Amino acid sequence: MATVRIPTPLRKYTQGREDVVVSGQTVAELLENLESSYPGIRERICDESGAVRRFVNVFVADEDIRFLDNLNTPVGEADEVSIVPAIAGG
Amino acid sequence: MTPLHGVVFVIVGLGGLGCPALLGLVAAGARRFMLVDDDHVDASNLARQVLYGIADVGKLKVERARAFVCARAHELDIVTHAHRIDVSQVSSFLTELPDRAILLDCTDDPRLKFAINDACVRSGRSVVIGGVLQFRGQAMAVAPDSACFRCIYEAPPPAELAPACGHVGVLGTVAGVLGYVMASLAVRIALHERDTSGNLLDLDLRTGATRTLHAKKRENCRACANAA
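Below you will find a few notes about this structure.

About the cut-offs
Per chain, residues are indexed from 1 in the order of the written sequence. Here chains are named by letter from A upward and ligands by number from 1 upward, in the order in which they appear as written. In keeping with the model being predicted, local features are shown solely for residues with a pLDDT of at least 70 and side-chain atom pairs are shown and tallied solely at 80 or more, while totals for entire chains, interfaces and linings include all residues. Between the buried cut of 20 or more and the exposed cut of 12 or fewer other C-beta atoms within 10 Å of a residue's own C-beta lies the partly exposed class, and all C-beta atoms are placed from the backbone. Numbered from the N terminus, helices here are DSSP runs of H or I no shorter than four residues, and strands are runs of E no shorter than two. By definition, the arc is the one covered by directions from the helix axis to the C-beta atoms. This entry defines residue contacts through backbone-placed C-beta atoms, with two residues in contact when those atoms are within 7 Å. Nonpolar cores are built from buried Ala, Val, Leu, Ile, Met, Phe, Trp, Tyr and Cys residues. These are joined into a set through C-beta atoms within 7 Å. Axes, fitted as lines to C-alpha atoms, cover a helix only where it is in contact. Angles between the N-to-C directions of the axes lie from 0 to 180 degrees. Any angle between 65 and 115 degrees counts as roughly perpendicular, while under 35 counts as roughly parallel, over 145 as roughly antiparallel, and the rest as oblique. In this scheme the crossing of two helices becomes right-handed for a clockwise turn of the near helix relative to the far one and left-handed for an anticlockwise turn of less than a right angle.

Some remarks on helix H1 (residues 27-37) of chain A
All names here are of chain A.
No. 1: Within the sequence span of H1, burial applies to Val27, Leu30, Leu31 and Leu34. Along the axis of H1, the buried residues cluster in a sector spanning 100°; they form a single face.
No. 2: Where H1 is buried, its residues contact strand S1 (2-5), strand S2 (19-22), helix H2 (41-45), strand S3 (56-60) and strand S5 (80-85).

Considerations on the nonpolar core
No. 1: Core analysis: the largest hydrophobic core is formed by 78 residues, its most contacted members being Phe9(B), Ile11(B), Leu22(B), Leu104(B), Val142(B), Met182(B) and Ala186(B).
No. 2: A total of 11 residues in this core trace back to one element, the largest contributor, which is helix H7 (residues 172-190) of chain B.
No. 3: In this structure, Tyr13(A), Leu31(A), Tyr38(A) and Ile41(A) belong to the second largest nonpolar core, which totals 20 residues.

Considering the packing of helix H1 (residues 18-28) of chain B against H7(B)
Residues and elements named next belong to chain B.
No. 1: It is at 7 Å that the axes of H1 and H7 come closest, and there the two elements cross at 45°. Classified by the interaxial angle, the pair formed by H1 and H7 is oblique. Considering only the axes of H1 and H7, their crossing is right-handed. Judged by residue contacts, Gly18, Cys19, Pro20, Ala21, Gly24, Leu25 and Ala28 of H1 engage Ala175, Gly176, Gly179, Tyr180, Met182, Ala183, Ser184, Ala186 and Val187 from H7.

Some thoughts on unusual backbone geometry
Residue and element names in this part refer to chain A.
No. 1: We note that Asp62 has phi near 65°; this positive angle belongs to a residue other than glycine.
No. 2: Relative to the helices and strands, Asp62 resides in the loop between S3 and strand S4 (63-64).
No. 3: C-beta crowding within 10 Å serves as the criterion here: with 14 such atoms nearby, Asp62 is assigned to the partly exposed category.
No. 4: The phi dihedral of Asn70 falls on the positive side, at around 50°, and the residue is not glycine.
No. 5: By the secondary structure assignment, Asn70 is in the loop between S4 and S5.

Structure, rendered in structure tokens:
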């Protein structure tokens, strides 16, 4: 079970929780299970084709999944998965 | 004289990030600045825009910012531009800057952040891009040979996922920390310190979590792929 860090704009889907524990052997599986537990959240992360939206980034253990294996990136038991949208306030 | 004296630090946006960034740079020994912001001080700004006081409400931010730091350090060379840079104007704005200029994007406009990133990458300039919201902040230094902001985020977020500080709030202390972080990154660029650029610092000051997210240049990055 990996720990997924939820950014502030998406915490309304997780009842305000900033960290949730989700199972999944790959990022794709993890996002699917995240959606099962917190309906509506995946649409904010992925587009209609299932790809991660262009203004969001997903990191597994602080590494960008686009430089690993994208949604097929393996997720280890103790891994921390971060969903990191751009923050633009100034 | 310090190694920073010959560098012009261009601060775009003199709000929650720009104010502490300017203070941090002056404290580090920087002496030459260009301040860009068309806004006037509002009472709602005072909690986090630390260069302004009650008597400054209604006055131009760039002028009040200049006055504040000039009272704190000698021989400051500060040029002010009380106008707003539109996305379409960024490239031409950069052509007017001296060679040894380092930009700090302290704006609150996601589209402008990407435009500044792209224009800096195209023109071989260094920039520090920052953002804050509620308890969180991000800062990234971009240099000609590093990954850029668009290598991490391919496009600006839609409005509903990029709320402004004025709508959802930001803790003044968070803006203060991020502004100083941006100043530190700009100083490190000016000093040619290795490993300064290309990583996204992501801070959550409610939990204390600080992460360095490693970015790599994307082959199909719209900004890097078209760079000179």
